[in-house]
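These are the residues of each chain, in order.
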Amino acid sequence: MKHSWITTLLLMFTSLSATAGSSEVIDADVSKRDDTYHFSVTIKHADTGWDHYANKWEIVGANGEVYGTRILHHPHVNEQLFTRSLAGVKIPANVHSVMIRSYDTVHGVGDKRFKIDLPK
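What you see is a predicted model; the values in this text were computed from it and never measured.

## Some thoughts on the environment of Trp57
Part 1 of the reasoning: Within the element layout of this structure, Trp57 appears in strand S3 (residues 54-60).
Part 2 of the reasoning: The class of Trp57 is buried, set by a relative accessible area of 0%.
Part 3 of the reasoning: Residues Trp57 and Tyr103, 46 residues apart in the sequence, show an inter-C-alpha distance of 6.0 Å.

## A look at unusual backbone geometry
Part 1 of the reasoning: With an omega of -15°, the peptide bond between Gln80 and Leu81 qualifies as cis.
Part 2 of the reasoning: Turning to its location among the elements, Leu81 is positioned in the loop between strand S4 (66-71) and strand S5 (82-89).
Part 3 of the reasoning: Residues other than glycine seldom take positive phi values, yet Asp34 does so here, at roughly 55°.
Part 4 of the reasoning: Here Asp34 lies in the loop between strand S1 (24-33) and strand S2 (36-44).

## Notes on the pattern of salt bridges
Part 1 of the reasoning: What the rule picks out here adds up to 4 salt bridges.
Part 2 of the reasoning: With a closest N to O distance of 3.7 Å, Glu58 and Lys56 form a salt bridge.
Part 3 of the reasoning: We classify Glu58 as buried; its relative accessible area is 7%.
Part 4 of the reasoning: A salt bridge links Glu79 to Arg84; the shortest N-O distance between them is 3.1 Å.
Part 5 of the reasoning: Under the relative-accessibility criterion, Glu79 is labelled partly exposed at 34%.

## Here we look at the pairing of strand S8 (residues 114-117)
Part 1 of the reasoning: By the alternation rule, side chains of S8 split into Phe114 and Ile116, which are all buried, and Lys115 and Asp117, of which none is buried.
Part 2 of the reasoning: Pairing between strand S6 (residues 97-104) and S8: 4 bridges, direction antiparallel. Directly across from Ser97, in S8, lies its bridge partner Asp117.

## Some details on the sheet that holds S1
Part 1 of the reasoning: Strand order in the open sheet made by the 3 strands is S1-S2-S5, with antiparallel pairing throughout. With one partner strand each, in any of the chains shown, S1 and S5 form the two edges of the open sheet. Geometrically, the sheet is characterised by an average inter-axis angle of 15° between neighbouring strands, direction not taken into account.

## Some details on the pairing of S2
Part 1 of the reasoning: Counting buried positions over the 9 residues of S2 gives 7, a clear majority of the element.
Part 2 of the reasoning: Alignment of S1 against S2, held across 9 bridges, turns out to be antiparallel. Across the sheet, residue Val30 finds its bridge partner in S2, namely Phe39.
Part 3 of the reasoning: Taken together, the 6 bridges between S2 and S5 define a ladder with antiparallel strand orientation. Its bridge partner lying in S5, Phe39 is registered against Leu86.

## A word on the confidence of the model for the protein chain
Part 1 of the reasoning: Taken over all residues, the pLDDT of the protein chain has a mean of 85, while the share at 70 or more is 83%.
Part 2 of the reasoning: Note on residues 5-18: pLDDT under 50 across the span, and 6 contacts to partners over four residues away in sequence or across chains.

Rules used throughout
- Residues numbered from 1 in each chain as written.
- Predicted model: local features only at pLDDT ≥ 70, side-chain atom pairs only at ≥ 80, totals over all residues.
- Heavy atoms only, no water.
- Helix = DSSP H or I, 4+ residues; strand = E, 2+ residues; numbered from the N terminus.
- Buried < 20%, exposed > 50% of the residue type's maximum accessible area, 1.4 Å probe, protein only.
- Salt bridge = Lys/Arg side-chain N within 4 Å of Asp/Glu carboxyl O.
- Pairing = 2+ DSSP bridges.
- Axes fitted to C-alpha atoms, helices over the stretch in contact; angles between N-to-C directions.
- pLDDT = per-residue confidence, 0-100.
- Contact = heavy atoms within 4.5 Å.

So, in structure tokens, the structure goes:
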């Protein structure tokens, strides 16, 4: 079967994008400031460019409620691992821990969640 050069390029690009895998939360810190929380989250993802990169992370409660979302506006191809922060996150007083999950533009939500206890 013959492939055009465009088909060959598309096949090469598809295989490169697939090798990046899903994004993963590696570490996180949380501090309480008055009645809100400040999160610093470290992400790992083999960003390949605009077509496949870690594009956000979320702070999620036990029942799936999303308390905060940090949008990542660009690829971090040459910056791995990378840490980004989100301040002013309101979480109900009866919640004692949350999960952080990350996303990428190809796979959506990553397989692993990062659990973190909230300071009192």
